[in-house]
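Now for the letters of each chain:
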Amino acid sequence: MAEPPYAETYHRLTKYHPSTIGQGHHIDWNHPPEQFKDFAGAPRFDLRPYLPTGETEEWQALAGLKDPDGPFSLPQLSKLLFATNGVTAMAVGGGQKMYFRAAPSAGALYPTDLYLLVRGHADLPDGVFYYHVRDHALLEVYPKGLAPEGAELFKRLSEACFGDAAAAEAKVAIVATAVFWRSSWRYGDRAYRRCLLDTGHVLGNLDIVAPRLGLGVSAVGGFVDHEVAELLAIPEDKEGVLAVLPLHELGTASRPGPSARASSDVEPAPTDDAILGIHAASAITRDKAASAKAHAEDGDDFMLDPKYAFAAGTKLKTSGEDLSEEIEIAILRRRSTRVLNREPLKLAELADLLAFAYRPDLRLPHEQLPAYFDTSLLETFVVVNSVEGLEPGVYYFAPGFMELLSIRRGSVRNEIFHLALGQELARDASAVVVHTADLEAATKKYGSRAYRYLHLDAGHIGERLNIAAIRLGLGVSGIGGFFDDEVNELLNIPGKELCVYITCLGRPAP
Ligand SMILES: Cc1cc2nc3c(=O)[nH]c(=O)nc-3n(C[C@H](O)[C@H](O)[C@H](O)COP(=O)(O)O)c2cc1C
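Read on for an overview of the structure. (Residues numbered from 1 in each chain as written. Predicted model: local features only at pLDDT ≥ 70, side-chain atom pairs only at ≥ 80, totals over all residues. Heavy atoms only, no water.)

The next point concerns the sheet that holds strand S18 (residues 497–506). Pairing is antiparallel in the open sheet, where seven strands are placed in the order S12-S15-S14-S13-S16-S18-S17. In this open sheet, the two edge strands, each paired with only one partner strand, are strand S12 (314–315) and strand S17 (475–479). Pairing geometry for strand S16 (residues 431–438) and S18, over eight bridges, is antiparallel. Each residue of the ladder has a partner; that of Thr 436, found in S18, is Cys 499. In this fold helix H11 (residues 347–358) packs onto S12, strand S13 (378–384), strand S14 (393–398), strand S15 (403–409), S16 and S18, with an angle of close to 35 degrees to the strand it touches most, S16. (Pairing = 2+ DSSP bridges. Helix = DSSP H or I, 4+ residues; strand = E, 2+ residues; numbered from the N terminus. Contact = heavy atoms within 4.5 Å. Axes fitted to C-alpha atoms, helices over the stretch in contact; angles between N-to-C directions.)

Where a strand is regular, its side chains alternate between the two sheet faces. When you tally the buried positions in S17, you get four out of five residues, the bulk of the element. Here S17 runs beside S18; their pairing, made up of five bridges, is antiparallel. Considered in S18, the bridge of Gly 478 is made with Thr 503. (Buried < 20%, exposed > 50% of the residue type's maximum accessible area, 1.4 Å probe, protein only.)

Let's shift gears to the packing of helix H4 (residues 150–160) against helix H8 (residues 225–232). Across the interface, H4 lies against H8 with an axial gap of 8 Å and an inter-helix angle of 155 degrees. Compared by their axis directions, H4 and H8 come out roughly antiparallel. The chirality of how H4 crosses H8 is left-handed. For the pair H4 and H8, the contacting residues are Leu 153, Arg 156, Leu 157, Glu 159 and Ala 160 in the first and Glu 227, Val 228, Glu 230 and Leu 231 in the second. Considering only residue class, the contact of H4 with H8 consists of five nonpolar, no polar and four charged. (Parallel < 35°, antiparallel > 145°, perpendicular 65-115°, else oblique. Left-handed = near helix turned anticlockwise from the far one by under 90°. Nonpolar A, V, L, I, M, F, W, Y, C, P; charged D, E, K, R; others polar.)

Next up on the list: H11. Here H11 contains twelve residues, and its C-alpha end-to-end distance of 16 Å stays within 8% of the 16 Å for a straight helix at 1.5 Å per residue. For H11, a buried count of ten out of twelve residues is recorded, marking the element as mostly surrounded by other parts of the structure. Buried residues of H11: Glu 349, Leu 350, Ala 351, Asp 352, Leu 353, Leu 354, Ala 355, Phe 356, Ala 357 and Tyr 358, and no others. (Expected span 1.5 Å × (residues − 1).)

Moving on: the state of the cysteines. Applying the stated rule across the entire model yields zero disulfides. No disulfide involves Cys 195; its sulfur sits 18 Å from that of Cys 499, the nearest cysteine. (Disulfide = S-S within 2.5 Å.)

The next thing to look at is the pattern of salt bridges. The full count for this structure, using the stated rule, is 24 salt bridges. Notably, a salt bridge pairs Arg 48 with Asp 46, separated by 3.2 Å at the nearest N-O pair. Lys 307 is the salt-bridge partner of Glu 497, the closest N and O atoms lying 2.7 Å from each other. Here Glu 497 is found in strand S18, whereas its partner Lys 307 is found in the loop between strand S11 (294–295) and S12, with 190 residues between them in sequence. A residue is classified by how much of its surface remains accessible, and Lys 307, at 40% relative accessible area, is partly exposed. The network of salt bridges with common partners includes Arg 44, Arg 134 and Asp 135. (Salt bridge = Lys/Arg side-chain N within 4 Å of Asp/Glu carboxyl O.)

Nothing here speaks to function; it is all geometry.
Below is the structure:
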């Protein structure tokens, strides 16, 4: 019998069980990972002078603000990178400065780094730049004179992306990577899941902010990993490329081609390192590129067809409030809520949250909708602890119909508390969104690379839930740790659906 794709093995190996949680992985508290890479002596381009200094007025004015020098000008790129992954808060603990970023990250470890590829820019030389979040600066990755010339750089990028039209035409592209050790220092082998979820959150911010600045984002998931890593000159045994994100001026893009491709499913070279194993197994290699089948986006759109037909449900009606107003202020203010107070959510609040995450305004042009990889891989279940007008219990969410279908009646507050490793956030949340996937079906479509897409998309949806919650004055936090094997039975979620991510929503305690 053929071996299952390695993604399934990795998922199994990294499950949390009540009997073994806390065992096996030793955290070296004396040697925490560095949060930033250092390119000593590299030419740097300071982006701070272009940031609005006051939080409200100037960021408010940013909405729809055109820069006379166009959407790729340094002021616009400065705002884009800041609101996507910049440092939005700082704390001092034990004599150390802690930097908190625009996107949340499991354990505040921030494995996600962003690189910028640029050509033909008025104020930047052609080349590859590392976005240093603490300094809010772009650092040139290649020593002087060694960077590929602009046309060559983007030719290589688009070739690595199978000739993707958006990559071929772009003048600026962002590439998101994860530095695995930052997260695995604390979370061991399971960290790859969190690297992907964290990066999905970053992509969520990018997608919300870019159109406000006149920019469209394409998300390319199908690329030859080694070729993109080589362009960035990153050490592949420590850092992996997770997404290629060409930018274009709104209204000028050619229709993006298929963005998600299957992995080559090369058997990973034997390694003791499960993270390098899953990253290699989910890679696309040049020699087996032919097997990296593309799947067109059309038809995979946004879970329009509910997968499960449960009993008649509750139709959700939004409040009609336009959450996109001043949405960038919500990104700047976003923090994960540490204590929720069990007070009920209004039904319309839950509807607004889910609509913002799953049903973005479909009147918007395609290029302004969230650039997910393949949302048909994901399903959503909602645990209702306390929502006005809804019986406590578990519901299946059908986004296309904005409907909640009951799958288990009666409170599961204690169960979700236990499942989330006894974290009070889950117990005291008013509603808990459980993102799931049928991993076997997903790997049939994309091989092990499915593992990347479904976690990136779940994190991306999670970020939209985060930003909508903050925008509505509600509380929110992601939860990446849960007892995998108990989720289905305790919540009555169909057995094939594996839990990918959890988002707690509610009212923040004062
Ligand atoms: C993928 C992911 C998993 C997380 N898991 C948990 C969790 O299990 N428990 C928790 O209290 N917070 C969790 N968080 C929230 C982080 O602790 C929080 O983002 C981090 O401390 C940074 O703070 P900030 O979000 O306020 O910027 C998670 C966040 C992400 C993105």
